[in-house]
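Read off the chains here:
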Amino acid sequence: MIYASLVPLLLSITCRIPCPSGLGEVLQTHLTQTSSRLGISPPPSIETTSTHSNPLSGCLVTGTMGSVYALSMFDSCGSRWLQVLKEEEECEATPGGLHGVVSSIDWSRYVHRTVKVNVKGDGIPGLNKGVETMVTVKHAINSALVDPVQADFDDPDTSVVVRCERGNYDEGLMKVTVMVDVISTTSTSLLRDYRSETHPGSLRSTTAALAVVKSGFPLLCEAMKGGEVEKATFVDPMCGSGTIVVEAMRLERGEAVVKGRVKRGWQPCFARWKSGKGTWDSVKGTIGRRSSDGVGVKYVAGDIVGNNVRLTREAVRRDGQGSGGGNIEVVEGDVRDLKIMGGGGGEKICVTNPPWGGKISSSAGQKIEDAWDGLGEFCKRELKGGEAWIIAPKSPLTGRVKMKETRKVGWKVGDGSRVFARQYHVRK
């Protein structure tokens, strides 16, 4: 077992890993497969979770400190891991009640020098103004420390998240959950540094990664690694700013992404905590022993908009490690003219996020209906015997690809509407 050195760290902890509502089971599958592949022992418990107020969809991971922290490092989807420090079922719905909950936590275990507080207290009397609530939490943390620190909201070492929910509690009571960021100080920005800029239709990187996981691409990479599959091609014919194709490349490389960050001097938050130093030393040793090679997947990305092609090429360049032994071609042009280099060969998977409305761009001069017609033509010509996963809301546009939908998974976006990744088996 590769994590035998972590067994002494038997303190049980729980982390919440948020993701778009509806993709929790996809994240659960990804984390379970990752834990199994790496031989993490003892394996943590992983279940989907959400709350009825201000939904926090995603997964709940519980296990020893060593196993949970290790798994957090190898989560290739770049999710934000929040360790639950305290949950209080019946806290007074007042600043004073919140102060009592937060000050009862032993913050000396987690805080190195500074503290950043990010509070959500919607609908709770006295806690619905962010600044007032953050000051309450700041004072509570300072009063709990033996040697008080100065809270610094601009240069944090630890990000503290306090969630306040009314739910179905008695009047005047609320549920408070206090969590701390395990991996990074500012959500996933440190993990996804390939994005220098985006365009209005860009997918969130975590959503793109989970869509690629749902397509079965990581399992295909494992089959190539085991010699069961000789060749594979991953295609995004409407690549936008390149988010999907770069996330696929990262999933292929797996641990190599972590290895590259650590080599550049990056550390997760838990490495700064007294309780996490031994775990970080062990995880670093494991990272150094993992293979940094990809499995030789070919990648093809295309877009009719020149600026999108530029963004994709820049994202690939900034990603810094190529495709881990494979290769990528980024092509500008109509999807109808896009061809898979050398015919592709082997298994083929397409994951793409086509435009949903209006024109693609004034310079492209192509109507959205024409784009979808062309996408269908491309899939039937270039993906014979393969699979296509097309991301789109409920729309008559999906009928224009003229292929039979075989499966779909949906999630909610910012405005509350649902979007689906739709699977199509392409006939030979």
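All values reported here derive from a predicted model rather than from experimental measurement.

Thresholds applied
- Residues numbered from 1 in each chain as written.
- Predicted model: local features only at pLDDT ≥ 70, side-chain atom pairs only at ≥ 80, totals over all residues.
- Heavy atoms only, no water.
- Axes fitted to C-alpha atoms, helices over the stretch in contact; angles between N-to-C directions.
- Helix = DSSP H or I, 4+ residues; strand = E, 2+ residues; numbered from the N terminus.
- Parallel < 35°, antiparallel > 145°, perpendicular 65-115°, else oblique.
- Contact = heavy atoms within 4.5 Å.
- Salt bridge = Lys/Arg side-chain N within 4 Å of Asp/Glu carboxyl O.
- Buried < 20%, exposed > 50% of the residue type's maximum accessible area, 1.4 Å probe, protein only.
- Pairing = 2+ DSSP bridges.
- Phe/Tyr/Trp six-rings, centres within 6.5 Å; stacked < 30°, edge-to-face > 60°.

Draft legend 1. Representation of the packing of helix H1 (residues 24–38) against helix H5 (residues 205–214) within the structure. Across the interface, H1 lies against H5 with an axial gap of 10 Å and an inter-helix angle of 70°. The orientation of H1 relative to H5 falls into the category roughly perpendicular. Residues Val26, Leu27 and His30 of H1 touch H5, and the partners they reach there are Leu210, Val213 and Lys214.

Draft legend 2. Region of the structure containing the pattern of salt bridges. All chains considered together, the criterion is met by 11 salt bridges. Between Arg80 and Asp181 there is a salt bridge whose closest N-O contact spans 2.9 Å. Here Arg80 is found in the loop between helix H2 (65–73) and strand S4 (82–92), whereas its partner Asp181 is found in strand S7 (residues 173–181), with 101 residues between them in sequence. Of the residues examined, Arg80 reaches a relative accessible area of 18% and is grouped as buried. Given the relative accessible area of 0%, Asp181 is considered buried. Among the ionic pairs, Arg336 bridges to Asp334, the shortest N-O distance being 3.9 Å. The structure contains a network of salt bridges with shared partners spanning Arg16, Glu87 and Lys175.

Draft legend 3. Expanded view of the sheet that holds strand S13 (residues 405–412). If you walk across this open sheet you meet the seven strands as S10-S9-S8-S11-S12-S14-S13, and the pairing is mixed. Edge positions in the sheet fall to strand S10 (327–332) and S13, since each has one partner strand and no second. When strand polarity is set aside, the average angle formed by the axes of neighbouring strands in this sheet is 15°. When strand S11 (residues 347–352) meets strand S12 (residues 387–393), the two strands line up parallel, connected through four bridges. By the bridge assignment for S12, Cys350 is matched with Ala388. Together, strand S8 (232–236), S12 and S13 form the strand contacts of H5, whose direction differs from that of S13 by roughly 155°.

Draft legend 4. Main features of the packing of aromatic side chains. Taken as a whole, this structure holds five aromatic pairs when the rule is applied. A centroid spacing of 4.4 Å and a plane angle of 15° characterise the contact between Tyr69 and Phe270, whose relative ring orientation is stacked. Here Tyr69, found in helix H2, pairs with Phe270, found in the loop between helix H8 (255–263) and helix H9 (277–289); they are 201 residues apart in sequence, far enough to count as distant. In this structure Tyr69 comes out as buried when scored by relative accessible area, which is 0%. Accessibility expressed as a relative area gives 0% for Phe270, which makes it buried. Between Phe270 and Trp280, the aromatic rings sit 6.0 Å apart at their centres with planes inclined by 80°, giving edge-to-face as the arrangement.

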